[in-house]
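# Observations on the three-dimensional arrangement
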Amino acid sequence: MSDHPTDFVGSVEDAITSSVKDRIPDAIVAVSGGGGHYRIDVVSAAFAGKSPLERQRLVLSAIKHLINGDRAPVHAVDELLTRTP
């Protein structure tokens, strides 16, 4: 992990989780990592019938506000798992 400078105050893991759940209400979300690098695992029925790329876009669009900008708290999503229940 790298030391990633950010102005974000609070738990990045909680912010990622709540942002994904806002977009995908039935989602079960697990987030781990730190230093700007995170691993996200999302399980949701909303992924049924979607391609892996569509699933990833759905999750990443939910957290784009945490990724965009020079001092954003999320520098990289090192692993993104998207599964159906």
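Residues numbered from 1 in each chain as written. Predicted model: local features only at pLDDT ≥ 70, side-chain atom pairs only at ≥ 80, totals over all residues. Heavy atoms only, no water.

## Some points on the sheet that holds strand β3 (residues 76–83)
Our working definition: A pair of strands is treated as paired once DSSP finds two or more bridges between them. Under the DSSP-based scheme used, a helix requires at least four consecutive residues in state H or I and a strand at least two consecutive residues in state E, with every element numbered from the N terminus. Note on method: axes are straight lines fitted to C-alpha atoms, helices fitted across the in-contact stretch only, with angles between N-to-C directions ranging 0 to 180 degrees. Here, residues are in contact when the closest pair of their heavy atoms is within 4.5 Å.
The mixed open sheet is built from 3 strands, whose spatial order is β1-β2-β3. The sheet terminates laterally at β1 (28–34) and β3, the two strands that pair on one side only. Strand-to-strand twist of the sheet, defined as the mean angle between neighbouring strand axes without regard to direction, takes the value 10°. In this structure, strand β2 (residues 37–43) lies alongside β3, joined through 7 bridges in parallel fashion. Residue H37 lies in a different strand from β3, and its bridge partner there is A76. The strands touched by helix α1 (residues 12–23) are β1 and β2; relative to β1, the strand with the most contacts, the crossing angle is about 150°. Helix-sheet contacts for helix α2 (residues 52–62) involve β2 and β3, and the interaxial angle to β3 is about 125°.

## Brief notes about the environment of I67
For I67, the location among the structural elements is in helix α3 (residues 64–67). Sequence spacing of I67 and A27 is 40 residues, and the spatial spacing of their C-alpha atoms is 20 Å. Leaving out residues up to four positions away in the same chain, I67 has contacts with L60, A72 and V74.

## A closer look at the nonpolar core
For clarity, the threshold we go by: Nonpolar cores are built from buried Ala, Val, Leu, Ile, Met, Phe, Trp, Tyr and Cys residues. Side-chain atoms within 4.5 Å join them into one set. Exposure is judged per residue with a 1.4 Å probe applied to protein chains only, and the accessible area is read against the type maximum: over 50% gives exposed, under 20% gives buried, and values in between give partly exposed.
In terms of nonpolar packing, the biggest core is built from 17 residues, with I16, V20, V29, I40, V42 and V59 touching the most fellow members. Of all the elements in the fold, those that place two or more residues in this core are α1, β1 and β2. Sorting elements by how many residues they give to this core places α1 first, with 4 residues. Residues in contact with V20, not counting those within four places in the same chain, are A27, V29, V42, V59, A62 and I63.

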